[in-house]
Amino acid sequence: MSGVRVLVGTKKGAFILTADGTRKDWTVNGPYFAGWEIYHVKGSPVDPNRIYASQSSGWFGQLIQRSDDGGATWAPVDNKFVYDGVPGMHQWYDGTAHPWEFKRVWHLEPSLTDAETVYAGVEDAALFKSTDGGASWGELAGLRGHGSGPDWQPGAGGMCLHTIILDPGNEQRMYIAISAAGTFRTDDGGGSWKPINKGLVSNFMPNPTAEVGHCVHHVAMHRSRPEVLFMQKHWDVMRSDDAGESWREVSGNLPTDFGFVIDVHAHEPETLYVVPIKSDSEHFVPDGKLRVYRSRSGGNEWEPLTAGLPQQDCYVNVLRDAMAVDTLDECGVYFGTSGGQVYASANAGDKWTPIVRDLPAVLSVEVQTLA
Amino acid sequence: MIRVVLPQHLRTLAGVGAEVALEVAGPATVGRVLDAIEERYPMLRGTIRDYSTGERRAFLRFFACEEDWSHQGMDAELPAAVADGREPLLIIGAIAGG
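Being a predicted model, the structure only gives us computed values, none of them experimental. (Residues numbered from 1 in each chain as written. Chains lettered and ligands numbered in written order. Predicted model: local features only at pLDDT ≥ 70, side-chain atom pairs only at ≥ 80, totals over all residues.)

1. Considering the overall build of chain A
What counts here: A helix here means a DSSP run of H or I that spans at least four residues, while a strand means a run of E at least two residues long, and both kinds are numbered starting from the N terminus. With C-beta atoms placed from the backbone, a residue is labelled by how many other C-beta atoms lie within 10 Å of its own: buried for 20 or more, exposed for 12 or fewer, partly exposed between the two. Here, residue contact means that the backbone-derived C-beta atoms of the two residues sit within 7 Å.
A count of helical and extended segments in chain A gives zero helices and 30 strands. Along the first, second and third principal axes, the C-alpha atoms of chain A reach 50 × 45 × 40 Å. Out of the 371 residues belonging to chain A, those deemed buried represent 52%. Partitioning the contacts of chain A with sequence separation of at least 6, the portion at a separation of at least 24 is 50%.

Okay, structure coming up:
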(Lines give C-alpha, C1' and ligand atoms only; values in the text may rest on other atoms or scores of the structure.)
Protein backbone atom coordinates (compact mmCIF):
# COMPACT_ATOMS: atom_id res chain seq x y z
CA MET A 1 0.00 0.00 0.00
CA SER A 2 1.22 3.48 -0.72
CA GLY A 3 2.29 5.79 2.05
CA VAL A 4 4.13 8.96 2.88
CA ARG A 5 7.15 9.77 4.99
CA VAL A 6 7.47 13.37 6.14
CA LEU A 7 11.01 14.43 7.03
CA VAL A 8 11.06 17.31 9.49
CA GLY A 9 14.10 19.33 10.50
CA THR A 10 13.80 21.45 13.64
CA LYS A 11 15.89 23.67 15.87
CA LYS A 12 16.45 20.73 18.21
CA GLY A 13 16.49 17.57 16.15
CA ALA A 14 14.86 15.69 13.27
CA PHE A 15 11.55 13.88 13.23
CA ILE A 16 10.06 11.39 10.79
CA LEU A 17 6.28 11.27 10.45
CA THR A 18 4.76 8.34 8.58
CA ALA A 19 1.30 7.38 7.42
CA ASP A 20 -0.33 5.14 4.86
CA GLY A 21 -1.90 6.57 1.73
CA THR A 22 -5.02 7.72 3.54
CA ARG A 23 -2.83 10.13 5.54
CA LYS A 24 -5.13 9.91 8.55
CA ASP A 25 -3.16 8.09 11.23
CA TRP A 26 0.40 9.22 11.80
CA THR A 27 3.38 7.76 13.59
CA VAL A 28 5.92 10.24 14.93
CA ASN A 29 9.50 9.03 15.32
CA GLY A 30 12.32 11.07 16.82
CA PRO A 31 13.97 13.17 17.88
CA TYR A 32 16.97 12.11 15.87
CA PHE A 33 20.18 14.07 16.63
CA ALA A 34 18.49 15.56 19.69
CA GLY A 35 19.62 19.04 20.61
CA TRP A 36 21.19 19.80 17.21
CA GLU A 37 19.83 22.14 14.57
CA ILE A 38 18.62 20.13 11.61
CA TYR A 39 18.36 22.57 8.75
CA HIS A 40 17.28 20.02 6.16
CA VAL A 41 16.48 16.33 5.65
CA LYS A 42 15.81 14.97 2.19
CA GLY A 43 15.53 11.56 0.60
CA SER A 44 16.83 10.34 -2.73
CA PRO A 45 14.21 10.07 -5.48
CA VAL A 46 16.20 7.12 -6.83
CA ASP A 47 16.36 5.17 -3.57
CA PRO A 48 13.81 6.31 -0.96
CA ASN A 49 15.74 4.49 1.77
CA ARG A 50 18.69 6.82 1.19
CA ILE A 51 18.15 9.98 3.24
CA TYR A 52 20.58 12.81 3.94
CA ALA A 53 20.39 15.17 6.92
CA SER A 54 22.22 18.39 7.70
CA GLN A 55 23.09 18.50 11.40
CA SER A 56 24.73 21.60 12.83
CA SER A 57 25.51 23.38 16.05
CA GLY A 58 27.03 26.66 17.07
CA TRP A 59 29.34 24.69 19.35
CA PHE A 60 30.40 21.78 17.17
CA GLY A 61 29.92 22.93 13.59
CA GLN A 62 28.52 20.91 10.72
CA LEU A 63 27.83 17.21 10.32
CA ILE A 64 26.12 15.33 7.52
CA GLN A 65 24.18 12.22 8.46
CA ARG A 66 23.10 9.51 6.06
CA SER A 67 20.54 6.77 6.39
CA ASP A 68 20.32 3.76 4.09
CA ASP A 69 17.22 2.28 5.68
CA GLY A 70 14.61 4.99 5.46
CA GLY A 71 15.69 6.80 8.58
CA ALA A 72 15.75 3.88 11.03
CA THR A 73 19.51 4.19 11.51
CA TRP A 74 21.99 6.92 10.65
CA ALA A 75 25.74 7.30 10.31
CA PRO A 76 27.82 10.45 9.89
CA VAL A 77 29.55 10.89 6.54
CA ASP A 78 32.10 13.49 5.54
CA ASN A 79 31.67 16.98 6.93
CA LYS A 80 34.66 18.66 5.33
CA PHE A 81 33.31 21.64 3.40
CA VAL A 82 36.37 23.61 2.34
CA TYR A 83 36.10 26.29 -0.32
CA ASP A 84 38.06 25.73 -3.49
CA GLY A 85 41.14 27.94 -3.64
CA VAL A 86 41.27 31.32 -1.93
CA PRO A 87 37.75 31.92 -0.60
CA GLY A 88 37.68 35.64 -1.43
CA MET A 89 35.48 38.39 -0.07
CA HIS A 90 31.81 39.25 -0.10
CA GLN A 91 29.96 42.21 1.39
CA TRP A 92 29.18 42.33 5.07
CA TYR A 93 25.94 43.84 6.39
CA ASP A 94 27.47 47.31 6.43
CA GLY A 95 28.81 47.03 2.90
CA THR A 96 32.43 46.41 3.92
CA ALA A 97 34.37 43.47 2.51
CA HIS A 98 34.16 40.26 4.55
CA PRO A 99 35.92 36.94 3.93
CA TRP A 100 33.95 33.87 2.90
CA GLU A 101 33.60 31.61 5.97
CA PHE A 102 31.84 28.26 6.02
CA LYS A 103 29.08 28.12 8.65
CA ARG A 104 26.54 25.43 7.83
CA VAL A 105 24.66 23.43 5.22
CA TRP A 106 21.19 24.84 4.59
CA HIS A 107 19.94 22.49 1.91
CA LEU A 108 20.71 19.01 0.61
CA GLU A 109 19.45 18.08 -2.85
CA PRO A 110 19.86 14.44 -3.86
CA SER A 111 20.32 13.73 -7.55
CA LEU A 112 17.30 12.73 -9.61
CA THR A 113 19.23 9.90 -11.25
CA ASP A 114 21.95 8.66 -8.89
CA ALA A 115 21.50 7.88 -5.19
CA GLU A 116 25.21 8.47 -4.55
CA THR A 117 25.15 12.03 -5.87
CA VAL A 118 23.93 14.86 -3.67
CA TYR A 119 24.35 18.63 -3.71
CA ALA A 120 24.76 20.86 -0.65
CA GLY A 121 23.92 24.54 -0.46
CA VAL A 122 25.93 26.21 2.26
CA GLU A 123 26.45 29.45 4.20
CA ASP A 124 28.57 31.46 3.31
CA ALA A 125 27.02 30.89 -0.07
CA ALA A 126 28.52 28.13 -2.17
CA LEU A 127 27.47 24.88 -3.79
CA PHE A 128 29.13 21.56 -2.97
CA LYS A 129 28.67 18.16 -4.61
CA SER A 130 29.31 14.61 -3.50
CA THR A 131 29.29 11.67 -5.89
CA ASP A 132 29.98 9.03 -3.23
CA GLY A 133 26.99 9.29 -0.94
CA GLY A 134 28.48 12.08 1.15
CA ALA A 135 31.82 10.35 1.77
CA SER A 136 33.58 13.38 0.27
CA TRP A 137 32.58 16.85 -0.90
CA GLY A 138 33.95 19.21 -3.50
CA GLU A 139 32.90 22.74 -4.30
CA LEU A 140 31.39 23.64 -7.68
CA ALA A 141 33.49 26.76 -7.58
CA GLY A 142 32.23 28.23 -10.83
CA LEU A 143 29.32 29.73 -8.91
CA ARG A 144 31.47 31.83 -6.57
CA GLY A 145 33.78 32.38 -9.52
CA HIS A 146 31.01 34.03 -11.49
CA GLY A 147 32.58 37.37 -10.61
CA SER A 148 29.70 39.03 -8.79
CA GLY A 149 30.62 37.52 -5.40
CA PRO A 150 32.04 40.79 -4.00
CA ASP A 151 28.51 42.24 -4.37
CA TRP A 152 26.74 39.42 -2.52
CA GLN A 153 25.51 40.30 0.94
CA PRO A 154 23.99 38.26 3.79
CA GLY A 155 20.33 38.41 4.68
CA ALA A 156 19.37 38.42 8.33
CA GLY A 157 19.71 34.64 8.42
CA GLY A 158 23.17 34.68 6.90
CA MET A 159 24.49 34.55 3.35
CA CYS A 160 23.01 31.20 2.53
CA LEU A 161 22.55 29.13 -0.59
CA HIS A 162 19.17 27.71 0.34
CA THR A 163 17.53 26.51 -2.87
CA ILE A 164 18.79 23.92 -5.35
CA ILE A 165 16.52 22.82 -8.20
CA LEU A 166 17.59 20.11 -10.62
CA ASP A 167 16.05 20.13 -14.10
CA PRO A 168 14.42 16.71 -14.58
CA GLY A 169 14.81 16.91 -18.34
CA ASN A 170 18.35 18.21 -18.55
CA GLU A 171 21.06 16.91 -16.24
CA GLN A 172 23.30 19.84 -17.15
CA ARG A 173 20.84 22.47 -15.95
CA MET A 174 20.18 23.48 -12.38
CA TYR A 175 19.04 26.54 -10.50
CA ILE A 176 20.17 27.86 -7.14
CA ALA A 177 19.13 30.82 -5.02
CA ILE A 178 21.07 32.83 -2.47
CA SER A 179 19.99 35.36 0.14
CA ALA A 180 20.89 38.03 -0.73
CA ALA A 181 22.43 37.60 -4.14
CA GLY A 182 19.55 36.21 -6.20
CA THR A 183 18.96 33.30 -8.50
CA PHE A 184 21.58 31.67 -10.74
CA ARG A 185 21.44 29.00 -13.44
CA THR A 186 23.98 26.63 -14.86
CA ASP A 187 23.60 24.87 -18.22
CA ASP A 188 26.83 22.90 -18.00
CA GLY A 189 26.41 20.83 -14.85
CA GLY A 190 27.68 23.49 -12.48
CA GLY A 191 30.81 24.55 -14.31
CA SER A 192 29.63 28.05 -15.11
CA TRP A 193 26.70 30.12 -13.88
CA LYS A 194 24.70 33.17 -14.87
CA PRO A 195 22.53 35.37 -12.67
CA ILE A 196 18.87 35.20 -13.73
CA ASN A 197 17.25 38.10 -11.94
CA LYS A 198 15.84 40.32 -14.71
CA GLY A 199 12.46 41.64 -13.63
CA LEU A 200 13.15 41.46 -9.92
CA VAL A 201 12.78 44.78 -8.11
CA SER A 202 14.20 45.15 -4.60
CA ASN A 203 13.69 48.62 -3.24
CA PHE A 204 16.18 48.16 -0.40
CA MET A 205 19.00 48.08 -2.95
CA PRO A 206 20.76 51.22 -4.23
CA ASN A 207 19.88 50.00 -7.72
CA PRO A 208 16.57 48.14 -7.25
CA THR A 209 16.95 46.25 -10.54
CA ALA A 210 20.64 45.33 -10.24
CA GLU A 211 21.83 42.04 -11.70
CA VAL A 212 22.62 40.63 -8.24
CA GLY A 213 21.77 41.48 -4.63
CA HIS A 214 18.12 40.37 -4.49
CA CYS A 215 16.90 38.54 -1.41
CA VAL A 216 15.26 35.53 -3.03
CA HIS A 217 13.61 33.44 -0.34
CA HIS A 218 12.63 30.35 -2.29
CA VAL A 219 12.03 29.05 -5.82
CA ALA A 220 9.81 26.17 -6.94
CA MET A 221 9.28 24.24 -10.16
CA HIS A 222 6.84 21.63 -11.45
CA ARG A 223 8.78 18.75 -12.93
CA SER A 224 6.59 18.63 -16.05
CA ARG A 225 7.57 22.21 -16.99
CA PRO A 226 11.14 22.84 -15.91
CA GLU A 227 11.30 26.16 -17.74
CA VAL A 228 8.55 27.62 -15.52
CA LEU A 229 9.74 28.86 -12.13
CA PHE A 230 7.89 30.43 -9.22
CA MET A 231 9.64 32.58 -6.65
CA GLN A 232 8.84 33.95 -3.23
CA LYS A 233 11.14 36.93 -2.94
CA HIS A 234 11.66 38.89 0.27
CA TRP A 235 8.76 40.97 -1.00
CA ASP A 236 6.91 39.90 -4.17
CA VAL A 237 5.81 36.57 -5.59
CA MET A 238 7.33 36.18 -9.05
CA ARG A 239 7.04 33.92 -12.07
CA SER A 240 9.33 33.09 -14.97
CA ASP A 241 8.25 31.23 -18.12
CA ASP A 242 11.68 31.19 -19.73
CA ALA A 243 13.97 29.35 -17.31
CA GLY A 244 14.62 32.49 -15.33
CA GLU A 245 15.63 34.75 -18.20
CA SER A 246 12.87 37.16 -17.14
CA TRP A 247 10.46 37.43 -14.22
CA ARG A 248 7.09 39.09 -13.69
CA GLU A 249 5.20 39.69 -10.49
CA VAL A 250 2.18 37.49 -9.71
CA SER A 251 1.48 38.64 -6.14
CA GLY A 252 -2.01 39.74 -7.22
CA ASN A 253 -4.52 39.86 -4.39
CA LEU A 254 -2.33 38.41 -1.64
CA PRO A 255 -2.80 40.23 1.68
CA THR A 256 0.97 40.72 1.80
CA ASP A 257 3.54 39.55 -0.70
CA PHE A 258 6.24 38.98 1.92
CA GLY A 259 6.88 35.35 2.78
CA PHE A 260 9.30 32.48 2.64
CA VAL A 261 7.75 29.29 1.23
CA ILE A 262 6.37 28.62 -2.21
CA ASP A 263 5.48 25.27 -3.71
CA VAL A 264 3.64 23.75 -6.66
CA HIS A 265 0.87 21.12 -6.68
CA ALA A 266 2.21 17.71 -7.71
CA HIS A 267 -0.23 17.25 -10.62
CA GLU A 268 -1.39 20.77 -11.49
CA PRO A 269 1.55 22.89 -12.63
CA GLU A 270 -0.47 26.11 -12.41
CA THR A 271 -1.53 25.51 -8.79
CA LEU A 272 0.74 27.27 -6.30
CA TYR A 273 0.93 27.63 -2.55
CA VAL A 274 2.40 30.42 -0.43
CA VAL A 275 2.05 31.48 3.20
CA PRO A 276 1.97 35.29 3.39
CA ILE A 277 3.90 36.75 6.30
CA LYS A 278 3.06 40.20 7.62
CA SER A 279 6.39 41.89 6.98
CA ASP A 280 10.14 41.64 7.24
CA SER A 281 10.04 43.35 10.62
CA GLU A 282 7.28 41.11 12.00
CA HIS A 283 7.99 37.60 10.94
CA PHE A 284 4.56 36.17 11.66
CA VAL A 285 1.30 35.67 9.80
CA PRO A 286 -1.03 38.70 9.40
CA ASP A 287 -4.00 39.35 11.71
CA GLY A 288 -3.22 36.36 13.94
CA LYS A 289 -4.53 34.02 11.22
CA LEU A 290 -2.57 31.16 9.69
CA ARG A 291 -3.62 31.08 6.05
CA VAL A 292 -2.14 29.21 3.15
CA TYR A 293 -2.92 30.96 -0.13
CA ARG A 294 -3.51 28.91 -3.25
CA SER A 295 -3.56 30.08 -6.83
CA ARG A 296 -4.99 27.79 -9.49
CA SER A 297 -3.98 30.16 -12.28
CA GLY A 298 -0.23 30.31 -11.89
CA GLY A 299 -0.42 33.39 -9.70
CA ASN A 300 -2.25 36.73 -9.47
CA GLU A 301 -5.57 35.24 -8.28
CA TRP A 302 -5.19 33.75 -4.82
CA GLU A 303 -7.65 32.17 -2.38
CA PRO A 304 -7.09 31.74 1.35
CA LEU A 305 -7.13 28.18 2.68
CA THR A 306 -8.14 28.25 6.32
CA ALA A 307 -10.07 25.08 7.16
CA GLY A 308 -8.36 23.43 10.09
CA LEU A 309 -5.82 26.22 10.59
CA PRO A 310 -5.91 28.61 13.59
CA GLN A 311 -7.73 31.84 12.72
CA GLN A 312 -7.07 33.82 15.86
CA ASP A 313 -4.12 34.54 18.15
CA CYS A 314 -1.66 32.78 15.87
CA TYR A 315 1.77 34.37 15.39
CA VAL A 316 3.97 31.76 13.76
CA ASN A 317 6.27 31.90 10.77
CA VAL A 318 6.76 29.31 8.04
CA LEU A 319 10.35 29.18 6.82
CA ARG A 320 11.53 28.76 3.24
CA ASP A 321 12.15 25.01 3.20
CA ALA A 322 9.21 24.15 5.43
CA MET A 323 6.61 23.22 2.80
CA ALA A 324 6.38 20.17 0.55
CA VAL A 325 3.90 18.16 -1.50
CA ASP A 326 3.42 14.44 -1.97
CA THR A 327 2.59 12.80 -5.29
CA LEU A 328 -0.38 10.65 -4.32
CA ASP A 329 -3.40 10.86 -6.62
CA GLU A 330 -4.96 13.54 -4.45
CA CYS A 331 -1.99 15.78 -3.80
CA GLY A 332 -0.99 16.15 -0.16
CA VAL A 333 0.47 19.44 1.06
CA TYR A 334 2.53 19.79 4.24
CA PHE A 335 4.13 22.65 6.13
CA GLY A 336 5.78 23.27 9.48
CA THR A 337 5.79 26.38 11.64
CA SER A 338 8.08 28.21 13.99
CA GLY A 339 5.64 27.14 16.71
CA GLY A 340 6.42 23.47 16.16
CA GLN A 341 3.25 22.43 14.35
CA VAL A 342 3.33 20.31 11.21
CA TYR A 343 0.09 20.58 9.24
CA ALA A 344 -1.03 18.24 6.49
CA SER A 345 -3.74 18.44 3.89
CA ALA A 346 -4.70 15.28 2.03
CA ASN A 347 -6.85 17.23 -0.44
CA ALA A 348 -4.58 19.84 -1.98
CA GLY A 349 -5.11 22.36 0.79
CA ASP A 350 -8.89 22.32 1.14
CA LYS A 351 -8.70 21.07 4.72
CA TRP A 352 -5.77 20.90 7.13
CA THR A 353 -5.04 18.85 10.21
CA PRO A 354 -2.02 19.01 12.47
CA ILE A 355 0.09 15.86 12.38
CA VAL A 356 1.94 17.05 15.46
CA ARG A 357 1.61 20.28 17.43
CA ASP A 358 4.52 20.68 19.79
CA LEU A 359 7.81 20.02 18.07
CA PRO A 360 10.72 22.45 18.35
CA ALA A 361 10.60 25.28 15.80
CA VAL A 362 10.39 23.71 12.35
CA LEU A 363 13.16 24.58 9.89
CA SER A 364 12.31 22.25 7.01
CA VAL A 365 9.71 19.79 5.76
CA GLU A 366 10.19 17.30 2.94
CA VAL A 367 7.92 14.46 1.86
CA GLN A 368 8.63 11.08 0.35
CA THR A 369 5.80 9.29 -1.43
CA LEU A 370 6.34 5.58 -0.90
CA ALA A 371 5.10 2.84 -3.19
CA MET B 1 47.19 6.78 28.40
CA ILE B 2 45.74 10.26 28.25
CA ARG B 3 42.23 10.74 29.53
CA VAL B 4 39.88 13.18 27.80
CA VAL B 5 36.43 14.27 28.96
CA LEU B 6 34.16 15.17 26.04
CA PRO B 7 31.02 17.35 25.95
CA GLN B 8 27.75 15.45 26.03
CA HIS B 9 26.87 15.93 22.35
CA LEU B 10 30.25 14.62 21.22
CA ARG B 11 29.93 11.59 23.48
CA THR B 12 26.63 10.78 21.79
CA LEU B 13 28.11 11.33 18.35
CA ALA B 14 31.12 9.11 19.04
CA GLY B 15 29.14 6.53 21.01
CA VAL B 16 31.38 6.78 24.08
CA GLY B 17 31.01 7.50 27.78
CA ALA B 18 32.03 10.61 29.61
CA GLU B 19 35.74 9.89 29.30
CA VAL B 20 37.95 8.35 26.64
CA ALA B 21 41.53 7.11 27.03
CA LEU B 22 44.01 7.54 24.22
CA GLU B 23 47.61 6.71 23.38
CA VAL B 24 49.38 9.84 22.20
CA ALA B 25 52.65 9.58 20.35
CA GLY B 26 55.33 12.05 21.45
CA PRO B 27 54.88 14.99 23.79
CA ALA B 28 51.32 15.42 25.04
CA THR B 29 50.24 18.65 23.39
CA VAL B 30 46.66 19.76 22.85
CA GLY B 31 47.15 19.31 19.11
CA ARG B 32 48.45 15.76 19.43
CA VAL B 33 45.63 14.80 21.77
CA LEU B 34 43.11 16.15 19.26
CA ASP B 35 44.91 14.27 16.48
CA ALA B 36 44.53 11.07 18.49
CA ILE B 37 40.84 11.75 19.19
CA GLU B 38 40.11 12.38 15.51
CA GLU B 39 42.07 9.28 14.49
CA ARG B 40 40.12 7.05 16.87
CA TYR B 41 36.77 8.78 16.37
CA PRO B 42 36.69 10.18 12.83
CA MET B 43 33.11 11.37 13.26
CA LEU B 44 34.50 14.05 15.58
CA ARG B 45 36.64 15.62 12.87
CA GLY B 46 35.66 19.24 12.45
CA THR B 47 33.63 19.34 15.66
CA ILE B 48 36.42 20.47 17.99
CA ARG B 49 38.76 22.16 15.51
CA ASP B 50 37.58 24.12 12.49
CA TYR B 51 38.48 22.30 9.27
CA SER B 52 39.67 25.38 7.45
CA THR B 53 41.73 27.04 10.15
CA GLY B 54 42.64 24.13 12.41
CA GLU B 55 41.72 26.38 15.32
CA ARG B 56 39.64 25.51 18.39
CA ARG B 57 35.97 26.14 17.73
CA ALA B 58 34.88 29.37 19.38
CA PHE B 59 32.37 27.89 21.84
CA LEU B 60 34.72 25.21 23.17
CA ARG B 61 37.41 25.55 25.85
CA PHE B 62 40.19 23.27 27.05
CA PHE B 63 40.96 22.86 30.77
CA ALA B 64 43.55 20.74 32.58
CA CYS B 65 44.57 20.64 36.23
CA GLU B 66 42.21 23.53 36.96
CA GLU B 67 43.92 25.75 34.40
CA ASP B 68 42.63 27.14 31.13
CA TRP B 69 44.57 25.73 28.18
CA SER B 70 42.29 27.20 25.53
CA HIS B 71 44.70 29.91 24.48
CA GLN B 72 48.03 28.11 24.82
CA GLY B 73 48.19 27.01 21.22
CA MET B 74 48.08 23.53 19.76
CA ASP B 75 51.79 22.92 20.39
CA ALA B 76 51.84 23.71 24.11
CA GLU B 77 52.66 20.67 26.24
CA LEU B 78 49.98 19.69 28.70
CA PRO B 79 50.84 19.21 32.43
CA ALA B 80 52.64 16.02 33.42
CA ALA B 81 49.57 14.92 35.39
CA VAL B 82 47.59 14.87 32.13
CA ALA B 83 50.39 13.23 30.17
CA ASP B 84 50.57 10.30 32.61
CA GLY B 85 46.80 9.96 33.01
CA ARG B 86 46.39 11.14 36.59
CA GLU B 87 44.25 14.08 35.44
CA PRO B 88 41.98 14.36 32.38
CA LEU B 89 41.97 17.00 29.68
CA LEU B 90 38.54 18.58 29.80
CA ILE B 91 36.88 19.77 26.58
CA ILE B 92 34.05 22.01 27.67
CA GLY B 93 31.23 23.49 25.62
CA ALA B 94 30.09 27.01 26.47
CA ILE B 95 27.12 26.98 28.82
CA ALA B 96 24.80 28.95 26.57
CA GLY B 97 22.03 28.65 24.04
CA GLY B 98 18.32 28.05 24.04
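From this point, the discussion proceeds with the structure in view.
2. Considerations on the pairing of strand S12 (residues 126–130) of chain A
Residues and elements named next belong to chain A. Note the threshold: For two strands to be treated as a pair, DSSP must find no fewer than two bridges joining them.
When you tally the buried positions in S12, you get four out of five residues, the bulk of the element. Connecting strand S11 (residues 118–123) to the next strand, S12, in antiparallel fashion are two residues. Note that S12 and strand S13 (residues 138–139) share two bridges and pair antiparallel. If you follow Phe128 over to S13, its bridge partner there is Glu139.

3. Looking at the sheet that holds strand S27 (residues 333–336) of chain A
Residues and elements named next belong to chain A. Basically, it comes down to this: The axes are straight lines fitted to the C-alpha atoms, using for helices just the contacting stretch, and the angles between their N-to-C directions are given from 0 to 180°.
Across the sheet, which stays open at both edges, the four strands sit in the order S26-S27-S28-S29 with antiparallel pairing between neighbours. Because the sheet does not close on itself, it has two edges, and the strands there are strand S26 (323–325) and strand S29 (353–356). Sheet twist, expressed as the average angle between the axes of neighbouring strands with direction ignored, equals 25°. Where strand S28 (residues 342–345) lies against S29, three bridges are found, and the strand directions are antiparallel. Within S29, the residue paired with Tyr343 across the bridge is Pro354.

4. Let's talk about the sheet that holds strand S18 (residues 216–221) of chain A
Residues and elements named next belong to chain A. The four strands lie next to each other as S18-S19-S20-S21, forming an open sheet whose pairing is antiparallel. Every other strand in the sheet has two partners, leaving S18 and strand S21 (248–249) as the edge strands with one partner each. Sheet analysis places strand S19 (residues 229–233) next to strand S20 (residues 237–240), joined by four bridges and oriented antiparallel. The residue of S20 that forms the bridge with Phe230 is Arg239.

5. Structural notes on the nonpolar core
Note the cut-off: What we call a nonpolar core is a set of buried Ala, Val, Leu, Ile, Met, Phe, Trp, Tyr and Cys residues whose membership is set by joining through C-beta atoms within 7 Å.
Val6, Val8, Ile176, Tyr334, Val342 and Val365 of chain A are the most contacted members of the largest nonpolar core, which totals 108 residues. Apart from the residues lying within four places of it in its own chain, the contact partners of Val6 of chain A are Leu17, Tyr334, Val342, Ile355, Val365 and Val367 of chain A. In terms of nonpolar packing, the next biggest core, distinct from the first, is built from 23 residues, Phe60 of chain A together with Val4, Leu13 and Ile91 of chain B among them.

6. Describing the pairing of S19 of chain A
Across a regular strand the side chains alternate sides, sitting on one face of the sheet and then on the other. All names here are of chain A. A large share of S19 lies buried, amounting to five of its five residues. Burial along S19 is two-sided: Leu229, Met231 and Lys233 and Phe230 and Gln232, pointing in opposite directions, are all buried. When S18 meets S19, the two strands line up antiparallel, connected through five bridges. Counted as the bridge partner of Val216 is Lys233 from S19. Connecting S19 to the next strand, S20, in antiparallel fashion are three residues, including Asp236 with a positive phi near 95°.

7. Structural notes on unusual backbone geometry
Residues and elements named next belong to chain A. In this structure, Asp124 follows Glu123 across a cis peptide bond, with omega equal to -5°. Across the junction of Ser179 and Ala180, the peptide omega takes the value 0°, indicating a cis bond. Tracing the backbone through its elements, the reader meets Ala180 in the loop between strand S15 (174–179) and strand S16 (182–186). Phi at Phe33 is positive, roughly 55°, even though this residue is not glycine. The exposure class of Phe33 is buried, given the 26 C-beta atoms found within 10 Å. For Asp236, which is not glycine, the phi dihedral falls at a positive 95°. With respect to the secondary-structure elements, Asp236 resides in the loop between S19 and S20.

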